[in-house]
Amino acid sequence: GAGVSQTPSNKVTEKGKYVELRCDPISGHTALYWYRQSLGQGPEFLIYFQGTGAADDSGLPNDRFFAVRPEGSVSTLKIQRTERGDSAVYLCASSRGLADNEQFFGPGTRLTVL
Amino acid sequence: KNQVEQSPQSLIILEGKNCTLQCNYTVSPFSNLRWYKQDTGRGPVSLTIMTFSENTKSNGRYTATLDADTKQSSLHITASQLSDSASYICVVSGSYNTDKLIFGTGTRLQVFP
């Protein structure tokens, strides 16, 4: 596709449920990033993939959060036992993977945990 | 803790006027500094990217400056348009070998006719 796409655009779930958020990066981009943005705040780094492997997952808040990128393209962010504090916009970005490369962001998935 | 601080938090200007947004950072080691524009409900879009050796960079009506000694940057918007209404986020890359970005909280700009 022409840009980074994310699905779903909105997700409402109940506390304690499991959710998966999907990111389709720009074709050919080897690097993929997940960020979380709370209302009125800038995005916070969660995890960074180079190809299929997680190069840096230091931003994942706890072991309820996990992300995969099995074929080096599409990535899924998985959140177990969701909590109300997980409510935020989850942004995905991709880049060509070289240092200082521009990151292109998707529109985000707005997650609401009731 | 690495930080990127922006001011003002919000700003209202009239169409056609100029404005300047400020960014101070304490991130170290420093690789590059970026300004992003984020429209409501959309992902951020890059405006400028500057390495530590660059002092200024322009993108149309947007001009970013960087003083790596004082760790300050500014984004100047000339002849503002209604479509400039958005959040402007200062972003610093703290390592040359990764693209891990550290975002400020943004300045919310509203341009009125």
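The structure this text deals with has already been given above.
Below is a short write-up of the structure. Each chain carries its own residue numbering, running from 1 in the written order of its sequence. Chains and ligands are labelled sequentially in the order written, the chains with letters from A and the ligands with numbers from 1. Side-chain atom pairs in this predicted model are given and counted only at pLDDT of 80 or more, local residue features only at pLDDT of at least 70, and totals for whole chains, interfaces and linings cover all residues. The basis for every side-chain value is the complete set of heavy atoms in the structure, and neither hydrogens nor water enter the calculation.

Residue and element names in this part refer to chain A. At least two bridges found by DSSP between two strands is the condition for calling them paired. Helix and strand assignments follow DSSP, with helices taken as H or I runs no shorter than four residues and strands as E runs no shorter than two, numbered in order from the N terminus. Taken together, four strands build an open sheet; the order of strands is β1-β3-β8-β7 and the sheet is antiparallel. Both outer strands of the open sheet, β1 (5-7) and β7 (65-68), are each paired with one neighbouring strand and no more. Neighbour to neighbour, the strand axes of the sheet diverge by 15° on average, direction disregarded. Pairing of β7 with strand β8 (residues 75-79) involves four bridges; the strand directions are antiparallel. Bridge pairing links A67 to L77 in β8. Only the stretch in contact is used when a helix axis is fitted, and all axes are lines through C-alpha atoms; the angle between N-to-C directions ranges over 0 to 180 degrees.

The next thing to look at is the interface of chain B and chain A. Whether two residues are in contact is decided by their heavy atoms: any pair within 4.5 Å suffices. In this complex, chain B contributes 21 residues to the contact, which on the side of chain A involves 22 residues. Reported buried area values correspond to the accessible surface (1.4 Å probe) lost by two parts on association, with both partners' losses combined. In this assembly, chain B packs against chain A so that about 1,600 Å² is buried in total across both faces, 50% of it on carbon and sulfur atoms. What counts as a salt bridge is simple: a side-chain nitrogen of Lys or Arg found within 4 Å of a carboxyl oxygen of Asp or Glu. At the boundary of chain B with chain A, the tally comes to zero salt bridges. N or O atoms within 3.5 Å of each other form a polar contact, as long as, within protein, one can give a hydrogen and the other can take it, and as long as residues adjacent in sequence are counted only when both atoms are side-chain atoms. Between the two partners, chain B and chain A, sit two residue pairs in polar contact (both at pLDDT 80 or more). Sorting the residues of the side of chain B that touches chain A by element identifies β4 (32-38), β5 (45-51) and β10 (101-103) of chain B as the ones contributing at least two each. Ranked by residues supplied to the side of chain B that touches chain A, first place goes to β4(B) with four residues. Here the nonpolar group is Ala, Val, Leu, Ile, Met, Phe, Trp, Tyr, Cys and Pro; Asp, Glu, Lys and Arg are the charged ones; every other residue, Gly included, is treated as polar. When the residues that make up the side of chain B that touches chain A are grouped by side-chain class, the tally is seven nonpolar, ten polar and four charged.

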